[in-house]
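The residues making up each chain are set out below.
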Amino acid sequence: MFEYDKDIPDPQPGDFLISEPFLNDPNFERTVILICEHNDQGTFGLVMNKLSDLKLDDVLEEKIILPTYLNIGGPVEQNTLHFVHRLNNQKVEGAIELNHGLYWSGDFEQIKFLINSNLISENDIQFYLGYSGWEKGQLRKELDKQSWFIRKGATAQEVLDMESDFLWKSILEGMGGKYKVFSNYPVDPRLN
């Protein structure tokens, strides 16, 4: 059997939080979460690999010309809309750089204008309904129980270009060693 990391550090904005193979929570089964904020109040992140069957037009009153599907960012406040993009903060006011070339949030009016003016392609931005949140100390307890792995330094390419269906497996494989083995664990080992 594998030995788990004993002292998993706290994640930082721009890190991936990856569920262990047998996390028994349907909201987070085999998920990759991009950490957007982590401070003494808690942690905020967006699930990268759970697509919804809704498009941006389905949740906004005004017409938006972007034929991409929305993601489920997490189980919290699914009536809120969040976005991650590769548009620098000169192009989108208020954008927060998570890692080189990877941004979270910003002025939504600017985003809508850029989309409807065909100045943003669907490969430059992803939208999320809801978010994943942990109150102070909650994520630390889950990390100590070995429910999550942390991968430092998510890239814009991983977040915006990889197929979401393969993201969990691909990130773990890329981490190598025991994580590569975890990536091949069956969803239900009884069916193996």
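Data block above holds the structure.
Student: Help me understand the overall build of the chain in this model?
Tutor: A tally of regular secondary structure across the chain gives 6 helices and 10 strands. Over its C-alpha trace the chain gives a radius of gyration of 17 Å, about what one expects of a compact globule, namely 16 Å for 192 residues. Dimensions of the chain, computed from the C-alpha atoms along their principal axes, are close to 55 × 40 × 30 Å. Restricting to contacts in the chain with at least 6 residues of sequence separation, those with at least 24 account for 63%. A total of about 10200 Å² of accessible surface is found on the chain, and carbon and sulfur atoms cover 48% of it. Positive and negative charge centroids in the chain, built from 18 and 31 side chains respectively, lie 6 Å apart.

Student: Mind showing me how you'd approach the pattern of salt bridges here?
Tutor: Pairing is possible between side chains of opposite charge, provided their charged atoms come close. Counted according to the given criterion, the structure contains 10 salt bridges. Of the charged contacts in the structure, one is a salt bridge between K152 and D15, with a shortest N-O distance of 3.0 Å. In this pair, K152 is assigned in the loop between β10 (148-151) and α4 (156-161) and D15 in the segment before β1 (16-19), connecting sequence segments 137 residues apart. For D15, a relative accessible area of 4% corresponds to the buried category. Three or more residues are tied together by salt bridges with common partners; here these are D10, R140 and D144.

Student: Would you take a moment to explain the packing of aromatic side chains for this structure?
Tutor: The relation between two aromatic rings is expressed through the spacing of the ring centres and the mutual angle of the planes. In this structure the tally under the stated criterion is 11 aromatic pairs. Ring centres of F28 and W148 lie 5.6 Å apart, and the angle between their planes is 75°; this geometry places the pair in the edge-to-face category. Here F28 is found in the loop between β1 and β2 (32-39), whereas its partner W148 is found in strand β10, with 120 residues between them in sequence. Neither F28 nor W148 differs from the other in exposure class; each is buried. Cluster of aromatic residues (ring-pair linked, three or more members): F28, W134 and W148. Taking NZ or CZ as reference, K55 lies 4.8 Å from the ring centre of Y69, over its face.

Student: Explanation requested: the nonpolar core in the structure shown.
Tutor: If you look at soluble globular proteins, the nonpolar side chains tend to sit buried side by side. Counting residues in hydrophobic clusters, the biggest one holds 26 residues, and the most contacted among them are F16, L34, L46, M48 and V159. Looking at this core, the elements that each hand over two or more residues are β1, β2, β3 (42-47), β8 (102-104), β9 (125-135), α4, α5 (164-175) and α6 (177-182). Tallying contributions element by element places α5 first for this core, with 4 residues. In contact with L46, other than residues within four places in its own chain, are V32, I33, L34, C36, G73, H82, V84, W104, Y128, G130 and Y131.

Student: I keep staring at α5 and nothing clicks. Help me out?
Tutor: Because an α-helix packs 3.6 residues into every turn, residues spaced three or four apart end up facing the same way. If you check α5, its first and last C-alpha atoms are 17 Å apart, about what 12 residues at 1.5 Å a residue would give, namely 16 Å. Listed as buried for α5 are S164, L167, W168, I171 and L172. Projected onto a plane normal to the axis of α5, the buried residues spread over an arc of 115° and lie on a single side. Opposite its buried face, α5 presents the exposed residues D165, F166 and G174, each directed more than 90 degrees away. Following α5 by one or two positions, G176 has its phi on the positive side, about 70°.

Student: How should unusual backbone geometry be read in this particular structure?
Tutor: Across residues other than glycine, the phi torsion is negative in most instances, and most of the peptide bonds are trans. The backbone of R30 sits at a positive phi, close to 55°, despite the residue not being glycine. Along the polypeptide, R30 turns up in the loop between β1 and β2. Its identity is not glycine, yet E77 carries a phi of approximately 45°, on the positive side.

About the thresholds
- By convention here, each chain's residues receive numbers from 1 onward along its written sequence.
- Where local features are concerned, this predicted model is filtered to residues with pLDDT of at least 70; where side-chain atom pairs are given and counted, the filter is 80 or more; whole-chain, interface and lining totals use all residues.
- Hydrogens are left out, water is left out, and the side-chain values use all remaining heavy atoms of the structure.
- Numbering of helices and strands runs from the N terminus, with a helix taken as a DSSP run of H or I at least four residues long and a strand as a DSSP run of E at least two residues long.
- In this setup the radius of gyration rests on C-alpha atoms only. A globule is expected at 2.2 Å times the number of residues raised to 0.38.
- Working rule for contacts: check all heavy atoms of both residues, and any pair within 4.5 Å makes them a contact.
- Only the protein chains shown count as cover for residues, and the accessible areas themselves come from Shrake-Rupley with a 1.4 Å probe.
- In summary, the charge assignment counts Lys and Arg as positive and Asp and Glu as negative, without counting His or the chain termini.
- The atoms used to mark charge sites are NZ of Lys, CZ of Arg, CG of Asp and CD of Glu.
- For this analysis, a salt bridge means a side-chain nitrogen from Lys or Arg found within 4 Å of a carboxyl oxygen belonging to Asp or Glu.
- For every residue, the accessible area obtained with a 1.4 Å probe (protein chains only) is divided by the maximum for its type, and the residue is called buried under 20%, exposed over 50%, and partly exposed between those limits.
- Stacked, tilted and edge-to-face pairs are distinguished by plane angle, under 30 degrees for stacked and over 60 for edge-to-face with tilted covering the rest, among Phe, Tyr and Trp rings (Trp via its six-membered ring) whose centres lie within 6.5 Å.
- By the criterion adopted, a ring carries a charge over it if an Arg CZ or a Lys NZ lies within 6 Å of its centre and within 35 degrees of its normal.
- Side-chain atoms within 4.5 Å link the members of a nonpolar core, which is a set of buried Ala, Val, Leu, Ile, Met, Phe, Trp, Tyr and Cys residues.
- To estimate how far a helix should extend, the number of its residues minus one is multiplied by 1.5 Å.
- In this description, one arc is meant: the one made by directions from the helix axis to the C-beta atoms.

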